[in-house]
Amino acid sequence: MKKFVDVSKHVKWVGVVDQDIKTFHGEELELSNGTSYNSYLIRDEKIVLVDTVIQKYSREWLQELKEEIDLDTIDYIVMNHNEPDHSGALKDLMKEIPNTPIYCTAKGKEIIQAYHSIDAEFRIVKTGDTLELGETNLTFVEMKMLHWPDSMASYLSQDNILFSNDAFGQHYGANALFNDECDQEILWDESLKYYACILTPFSAMIKRKIDEILSFNLTIDQICTSHGVIWRKNPLEIVTKYMEWCQDYKEDQVTIVYDTMWETTRKMAESMADGIRSKSPSTHIMLMNACKYSETEILTEIFKSKGVLFGSPTINNRILPSMAAVLEGVKGINFKGKSVGSFGSYGWNCRSVGIINDLLNTTALTVVNDGLKVNWNLNKDSKEICFEYGADFVEQI
Ligand code: FEO
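Calculation notes
Residues numbered from 1 in each chain as written. Predicted model: local features only at pLDDT ≥ 70, side-chain atom pairs only at ≥ 80, totals over all residues. Heavy atoms only, no water. Helix = DSSP H or I, 4+ residues; strand = E, 2+ residues; numbered from the N terminus. Buried < 20%, exposed > 50% of the residue type's maximum accessible area, 1.4 Å probe, protein only. Contact = heavy atoms within 4.5 Å. Salt bridge = Lys/Arg side-chain N within 4 Å of Asp/Glu carboxyl O. Phe/Tyr/Trp six-rings, centres within 6.5 Å; stacked < 30°, edge-to-face > 60°. Patch = residues over 30% accessible without salt bridge, like charges linked within 9 Å, V, L, I, M, F, W, Y side chains within 5 Å. Areas by Shrake-Rupley, 256 points an atom, 1.4 Å probe, with all protein chains shown as cover. Lys, Arg positive; Asp, Glu negative; His and termini not counted. Charge placed at Lys NZ, Arg CZ, Asp CG, Glu CD. Pairing = 2+ DSSP bridges. Core = buried A, V, L, I, M, F, W, Y, C linked by side-chain atoms within 4.5 Å. Domains from an automatic or database assignment.

Tracing the backbone shows Phe202 in the loop between α5 (184–199) and α6 (203–215). By relative accessible area, which is 15% here, Phe202 ends up buried. Leave out the neighbours within four places in its chain, and Phe202 touches Met145, Leu146 and His147.

Following this line, the structure appears as structure tokens:
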């Protein structure tokens, strides 16, 4: 396990870095750079443990924690969020210190009891409630639905630390703990991917919550998240990024995501890309075969796009399963402020374009046309039609 690291006068990082993990939320999210489960120890006149770690590290983590501190001296446990990646070790911890009060939201208590059958002294907190620790105090801020109903953040005075839990995190199991010590390209790619795939559905609430936190005029020297790095250098840079990302974020990018059986739908996609290029050479085009990229990669590229084209041939009156999964993901993420279109090849029954449009019409995306169908194979004329379709699409968005 990575050695525990001092964060400030009163705070030590006592988390776990998991560099082996390849998927998260079961198999739903693909991780490229591991992750960490960040737990923190606050030592003042009172001693507080903020969040625990995932269950699979419970024993190792507790062993390390016992070498760091006599567990019986911990006065309070603060559980900012109780998804099992943060509460998984709580049951084992509570066996060691059963009388230690747990500070959490009302929903947090409900989740802890339902998931872990823990019977403890719960102290329910709301926004603005404060816990005196000595020189410092902790103030709680409810972060309901960011991204679970129990989520909250805690602010430590004097050291000026915001324990933000999942917010502002990233799945990055870096060797370094602080944002100024790690690879910047990976850090920002992972931060964006994390926002795109986990937080986009809650964007409207994120804007309101950030506005609320900023209205408190707190001095924030560090943001201690529950995954990835601690934002020590220019900590508000990630907050500014979130304000961009939560307001229908888009770059000058078009993503064409498709699957293909006998290459016609791929050829359509490529001709559309040529058409886009002809009208808008600076637009970044991502051509993504849905079978060759993970859903995480595809949804991240869609997040960055101002326009998206979805393509599938028809098979057995339906679309190819890889595209059905992508569209289900798009619907779940609830993207807004993007223009979309559809296309697909067919032999004797063209259902795919209608199926894609029906699904897109249930989202907040703007469907800009009826879609494009090509029978059997691309010829000179239909290739030109695909080219024009791409050119028209980029001019419309
Ligand atoms: Fe990192 Fe929502 O748990």
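Across all of its chains, the model carries 21 salt bridges by this definition. The salt bridge partner of Glu212 is Lys209, with a shortest N-O separation of 2.9 Å. Separated by three residues within a single helix, Glu212 and Lys209 lie in helix α6, roughly one turn from each other. The exposure class assigned to Glu212 is partly exposed, which follows from its relative accessible area of 27%. Judged by relative accessible area, which is 12%, Lys209 ranks as buried.

Taken as a whole and judged by the stated rule, the model has 13 aromatic pairs. The interplanar angle of 50 degrees and the centroid separation of 5.8 Å between the aromatic rings of Tyr195 and Trp245 together place this pair among those described as tilted. Note that Tyr195 is positioned in helix α5 and Trp245 in helix α7 (residues 236–245), a separation of 50 residues in sequence. Each member of the pair, Tyr195 as well as Trp245, is classed as buried. Aromatic side chains Trp348 and Trp376 sit 6.2 Å apart centroid to centroid with 45 degrees between the ring planes, which places their arrangement in the tilted category. In this pair, Trp348 sits in the loop between β23 (336–346) and α11 (352–360) while Trp376 sits in the loop between β25 (372–375) and α12 (380–396), placing the two residues 28 residues apart along the sequence. A single burial state applies to Trp348 and to Trp376, both of which are exposed.

A cluster of acidic side chains, namely Asp381, Glu384, Glu388 and Asp392, defines a negative patch on the protein surface. Glu388 sits in the partly exposed class, given a relative accessible area of 35%.

On to the pairing of strand β13 (residues 137–142), then. For strand β12 (residues 130–132) and β13, the ladder comprises three bridges, and the chain directions are antiparallel. Note that in β13 the partner of Glu132 across the bridge is Asn137. Between β12 and the antiparallel strand that follows it, β13, lie four residues; Gly134 among them carries a positive phi value of about 130 degrees. Two elements, β13 and strand β14 (residues 152–156), share five bridges in a ladder whose sense is antiparallel. Residue pairing in the sheet places Glu142 in a bridge with Met152 of β14.

Ile102, Leu138, Phe163, Phe168, Tyr242 and Phe310 are the most contacted members of the largest nonpolar core, which totals 115 residues. Ranked by residues supplied to this core, first place goes to α5 with nine residues. Counting the residues that make up this core, at least three belong to each of domain 1 (5–245) and domain 2 (253–396). For Tyr242, the residues in contact, after removing those within four places along its chain, are Ala167, Phe168, Gly169, Tyr194, Tyr195, Leu199, Ile206 and Ile210. Core analysis: the second largest hydrophobic core is formed by 18 residues, Ile256, Leu309, Val374 and Leu378 among them.

A few words now on the sheet that holds strand β10 (residues 102–104). A sheet is described by the order of its strands in space; here seven strands give the open sequence β1-β2-β7-β8-β9-β10-β11, paired in mixed fashion. Edge positions in the sheet fall to β1 (5–6) and β11 (122–124), since each has one partner strand and no second. Of the strand pairs in this sheet, β1 and strand β2 (residues 11–13) are connected by two bridges, and their pairing is antiparallel. Note on β2: the bridge partner recorded for Val5 is Trp13.

All right, on to the sheet that holds strand β16 (residues 222–225) then. Within a sheet, adjacent strands bond to each other through the backbone by hydrogen bonds, running parallel or antiparallel. Judged by pairing direction, the sheet is mixed, and its six strands sit side by side in the order β12-β13-β14-β15-β16-β17 without closing on themselves. In the strand order of this sheet, the two ends are held by β12 and β17 (230–231), each with one partner.

Now for the environment of Lys292. With respect to the element layout, Lys292 can be found in the loop between β19 (284–289) and α9 (295–304). Residue classification places Lys292 among the exposed positions, given a relative accessible area of 64%. Note: C-alpha distance between Lys292 and Leu320 (28 residues apart in sequence) is 14 Å.

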